[in-house]
Amino acid sequence: MTVHKIVLLADPVLRQKAAPVEQVDDEIRQLMEDMVETMYDAVGIGLAAPQIGISKRLIVMDCAKDDTSPEIWKMINPEIISRSEETTKMEEGCLSIPGYNGDVTRPAEVEVRYMDIDGTAQQMTATGLLAACVQHEIDHLDGVLFIDYLSRLKRDMMLRKIAKDPAFK
Ligand code: NI
């Protein structure tokens, strides 16, 4: 298994629309294993393939609490098929924007259609932290980042700090 380097905010791959995966084969399965490894190595709860420089519609997540067993999700071509009217605000961060957080308001519950690693169509309903996480990760596949949801004032302040932050050089 390979831990990949995570690309940071300035990388244009984070702003691209990722391509759908046509065929679920061993290469894709290996890549998703590597993504899980990379996510754990970075102590994150979700990772999208563009964050390791691969513009494909793949995400992995594990939003289980520290004191419970892992709950690994691997989703190929995930798509939100319904969103609740009810919203919740949660503090989000991103492995591609390390050290910066912001409150994001999103639908509290979503239904997601995706393919699993056997290429079988699946559907899941997400609430709570998992709902925020899956929306955040699917956003990555469309070139959207959590900072896009902040007010212009907050976003500009954050971007000014990041511009001076040696971690992003
Ligand atoms: Ni992210």
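About the thresholds
- Residues numbered from 1 in each chain as written.
- Predicted model: local features only at pLDDT ≥ 70, side-chain atom pairs only at ≥ 80, totals over all residues.
- Heavy atoms only, no water.
- Helix = DSSP H or I, 4+ residues; strand = E, 2+ residues; numbered from the N terminus.
- Rg over C-alpha atoms; globule rule 2.2 N^0.38 Å.
- Buried < 20%, exposed > 50% of the residue type's maximum accessible area, 1.4 Å probe, protein only.
- Pairing = 2+ DSSP bridges.
- Axes fitted to C-alpha atoms, helices over the stretch in contact; angles between N-to-C directions.
- Contact = heavy atoms within 4.5 Å.
- Donors = N, O, S within 2.8 Å, 3.2 Å for Na, K, Ca; no water.

So what's going on with the overall build of the protein? Which residues, and what values?
Check the secondary structure of the protein and you find 3 helices and 7 strands. When the helices and strands of the protein are read in sequence order from the N terminus, they spell out α-β-β-β-β-β-β-β-α-α. A compact globule built from 169 residues should have a C-alpha radius of gyration of about 15 Å, and the protein, at 15 Å, falls within 12% of that. Taking the principal axes of its C-alpha atoms as reference, the protein extends roughly 45 × 40 × 35 Å. Every one of the 169 residues in the protein was classed for burial, and the buried ones make up 44%.

Mind laying out the sheet that holds strand 7 (residues 121-127), listing which residues take part and the relevant values?
Spatially, 5 strands are ordered 1-2-3-6-7 in an open sheet, and the strand pairing comes out antiparallel. Taken across any chain shown, the strands that pair with only one partner, and hence form the sheet edges, are strand 1 (46-48) and strand 7. Taken pair by pair, the neighbouring strands of this sheet meet at an average axis angle of 40°, ignoring direction. Judged from the 7 bridges that link them, strand 6 (residues 109-115) and strand 7 form a sheet pairing that is antiparallel.

Could you give an account of the environment of His-4, with specific residues and numbers?
Note on placement: His-4 falls in the segment before helix 1 (26-41). Residue His-4 is classed as partly exposed on the basis of its relative accessible area, which comes to 25%. For the pair His-4 and Gln-16, spaced 12 residues apart in sequence, the C-alpha to C-alpha distance is 19 Å. Other than its neighbours up to four places away in sequence, His-4 contacts Asp-34, Thr-38 and Ile-52.

Which residues make up the coordination of the nickel ion, and what values do they have?
Distances from the nickel ion to its protein donors, Cys-94 (SG), His-136 (NE2) and His-140 (NE2), fall within 2.1 to 2.3 Å. Sequence positions of the residues that donate to the nickel ion give the spacing C-x41-H-x3-H. With a gap of 46 residues between them, Cys-94 in the loop between strand 4 (87-92) and strand 5 (102-107) and His-140 in helix 2 (residues 128-141) connect regions that are remote in the sequence. This pair shows no difference in class: Cys-94 is buried, exactly as His-140 is.

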